[in-house]
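Results of the structural survey
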Amino acid sequence: METSARKQFNEQFSTKKYQKMLQSIEDDFGYFPTFRIAESPLFVSDAFKSQLLEACSEVISFIQQPGFKELTQKAVELNKNIPKEDEHPEFLAIDFGVCEENGEIIPKLIEVQGFPSLFHFQANLFEKFKVEYPFLESYSPYLSGLNKDSYLSLLQKIILNNHLPENVILLEVEPEKQNTKIDFYYASKTLGIPILCVTDIFPIGNKLFYKNELGDSIPIHRIYNRVIFDELDMRTDLNLKFDFTKVWEVEWAGHPNWFFRISKFILPYLQGKYFIETTLLSELNAIPEDLENYVLKPIFSFSGAGVVFHVKKEDIEAVQQKDLYVLQKKVFYKPIVQSTNGLVKAEIRMLCLWPKEEAQPTIANTLVRFSRGEMIGVKFNKDKDWVGGTTGVFKL
């Protein structure tokens, strides 16, 4: 990582500045995120940035190969096949652990998702850091030549697609209860679009509508989809008035099928120095003897749900739907971020935007998570400091 900036930040750091930054986030909407925000950005060196971009390029090339849809069709058929799928995903999130291999620091692909992440919150988080640490003006969280204005313009282009904001909705399952709610608020503020629950939508003919604050029925032309279907499927208590699998006169900003196609489902096919040995359980010839070196993961879960870190033989044998799980070799994150009281691990999510008419996605921004625990997730980092979500920054 970039050591000179780390030293400068740590010398200027204070708990008072950190609390001021958190208060500024809360003041924006009278709401504070339920996930922990880390004390510092991650300062990424030019060398590690080059590795990240190379690794992303290899993932993207795999997604672009002829026959990718045929290869991943089973992933869709195992879930919901939503009509009107587009030619490529409009959002990509590519997660890398900062690991050590043969004495060198290297990014290792942990997961890839054809689904939106905290695209709007990340832009605002960097601005909050800059207020308290003005030297960050010499750094940027953006890639591919973007700045804040061009980044938000690209987001707007993809999500609105020339529709009026009132005809574009951000759709979630009970959005007011989601940990990512702060991102919804920033998206709504920036784009002017409403945030709606799946139960707020109703059909008239082959079109979908919602009621605005005045009680008027407003047609929906485009859906910015944040619904995770494994969560939706568990919510049998919800009274949905429309069926996702029917053909509606509506566009998708982030078509749901890409969540299934670009997921842990493709990890077994990725080969190279940035990728980890991963096997679909249905194709596992024999259970490894050294299970302490593996992690068992459901393919389509989100936020670490269902991951078994300390795998036992009976865990594998108990899986009924072996097409829906992978066994992945463990990698060991290298504690490399120097905090004010020890070293911290990091995971970097590369956020990509891919307009429909573009041949290539744009690697646009990052989301970083710090950890002191065995894994990155919240339950492994309770009551610890210098952990949680933050942003990666690069020297201008």
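Cut-offs and rules
- Residues numbered from 1 in each chain as written.
- Predicted model: local features only at pLDDT ≥ 70, side-chain atom pairs only at ≥ 80, totals over all residues.
- Heavy atoms only, no water.
- Helix = DSSP H or I, 4+ residues; strand = E, 2+ residues; numbered from the N terminus.
- Rg over C-alpha atoms; globule rule 2.2 N^0.38 Å.
- Buried < 20%, exposed > 50% of the residue type's maximum accessible area, 1.4 Å probe, protein only.
- Contact = heavy atoms within 4.5 Å.
- Lys, Arg positive; Asp, Glu negative; His and termini not counted.
- Charge placed at Lys NZ, Arg CZ, Asp CG, Glu CD.
- Pairing = 2+ DSSP bridges.
- Polar contact = N/O pair within 3.5 Å; in protein donor to acceptor, adjacent residues only side chain to side chain.
- Arc of directions from axis to C-beta.
- Phe/Tyr/Trp six-rings, centres within 6.5 Å; stacked < 30°, edge-to-face > 60°.
- Lys NZ or Arg CZ within 6 Å of the ring centre and 35° of its normal.
- Salt bridge = Lys/Arg side-chain N within 4 Å of Asp/Glu carboxyl O.

**Brief notes about the overall build of the protein chain**
The helix and strand inventory of the protein chain stands at 10 helices and 19 strands. Its C-alpha atoms give the protein chain a radius of gyration of 21 Å, near enough to 21 Å, the size a compact globule of 396 residues would have. For the protein chain, the C-alpha atoms occupy an extent of roughly 60 × 55 × 40 Å along the three principal directions. When the 396 residues of the protein chain are sorted by exposure, 54% land in the buried category. Across the protein chain, the fraction of contacts at a sequence separation of at least 24, relative to all contacts at a separation of at least 6, is 75%. When the 45 basic and 54 acidic side-chain charges of the protein chain are each reduced to a single mean position, those positions are 3 Å apart.

**Re the pairing of strand β14 (residues 325–329)**
Bridge count for strand β12 (residues 278–280) against β14 is 3 bridges, and the pairing is antiparallel. Counterpart to Leu280 in the pairing with β14 is Val326. Relative to β14, strand β13 (residues 294–298) is paired through 5 bridges, and the arrangement is antiparallel. Looking across to β14, one finds that Pro298 is bridged to Tyr325.

**Some remarks on the side chain of Gln328**
Note on placement: Gln328 falls in strand β14. A distance of 3.3 Å separates polar atoms of two side chains, one belonging to Gln328 and the other to Thr278.

**Let's talk about helix α4 (residues 68–77)**
Working note: α-helix, 3.6 residues per turn, so residues spaced by three or four point in the same direction. Where α4 is concerned, the buried positions are Phe68, Thr72, Ala75 and Val76. Down the axis of α4, the sector holding all buried residues measures 95°, keeping them to one side. Pointing more than 90 degrees away from the buried face of α4 are the exposed residues Glu70 and Glu77. Check the buried side of α4 and you find it contacts α3 (46–64) and α9 (257–261).

**A look at the packing of aromatic side chains**
In this description, a pair of aromatic rings is defined by centroid distance and the angle of the planes. In the structure shown here, the tally under the stated rule is 29 aromatic pairs. Considering the side-chain rings of Phe202 and Phe209, the 6.1 Å spacing of their centres and the 20° angle between planes classify their relative orientation as stacked. Each of the two residues, Phe202 as well as Phe209, counts as buried. Taking the centre distance of 5.6 Å and the plane angle of 80° together, the rings of Phe259 and Phe260 count as edge-to-face. Overall, Phe259 belongs to the buried group, its relative accessible area being 5%. Directly above the ring of Trp258 sits Arg261, whose terminal nitrogen or CZ lies 5.8 Å from the centroid. Lying over the aromatic face of Phe309, Lys330 brings its terminal NZ or CZ to 4.2 Å of the ring centre.

**Here's the deal with the environment of Tyr18**
Summarising the element assignment, Tyr18 is placed in helix α2 (residues 15–29). Of the residues examined, Tyr18 reaches a relative accessible area of 7% and is grouped as buried. Here Tyr18 is in contact with Phe13, Arg36, Ile37, Ala38 and Glu39, once residues within four sequence places are set aside.

**Here's the deal with the sheet that holds strand β19 (residues 392–395)**
By definition, the strands of a sheet pair up through backbone hydrogen bonds, in either a parallel or an antiparallel sense. Reading across the sheet, the 3 strands line up as β1-β19-β4 and stay open at both edges, with mixed pairing between neighbours. One side of each edge strand has no neighbouring strand; the edge strands of this open sheet are β1 (42–44) and β4 (139–140). Where β4 meets β19, 2 bridges bridge the pair, whose relative direction is antiparallel. The partner of Ser140 across the bridge, within β19, is Phe394.

**Looking at the pattern of salt bridges**
Summed over all chains, the structure comprises 26 salt bridges. When the shortest N-O distance is used, the salt bridge between Arg36 and Glu39 registers 2.8 Å. The exposure class of Arg36 is partly exposed, given its relative accessible area of 29%. Where Asp323 meets Lys74, a salt bridge forms, and the shortest distance between an N and an O atom there is 3.1 Å.

**Notes on helix α1 (residues 3–12)**
Those residues of α1 not exposed but buried are Ala5, Arg6, Phe9 and Asn10. Take α1 and look down its axis: the buried residues cluster within an arc of 130°, on one side only. Exposed residues lying more than 90 degrees from the buried face of α1 are Thr3, Lys7 and Glu11. Against β1, β4 and β15 (337–339) lie the buried residues of α1.

**Observations concerning the pairing of strand β17 (residues 362–371)**
Among the 10 residues that make up β17, 8 are buried, leaving the element largely enclosed by the rest of the structure. Here β17 pairs with strand β18 (residues 388–390) via 3 bridges, running antiparallel. Note that in β18 the partner of Phe370 across the bridge is Gly388.

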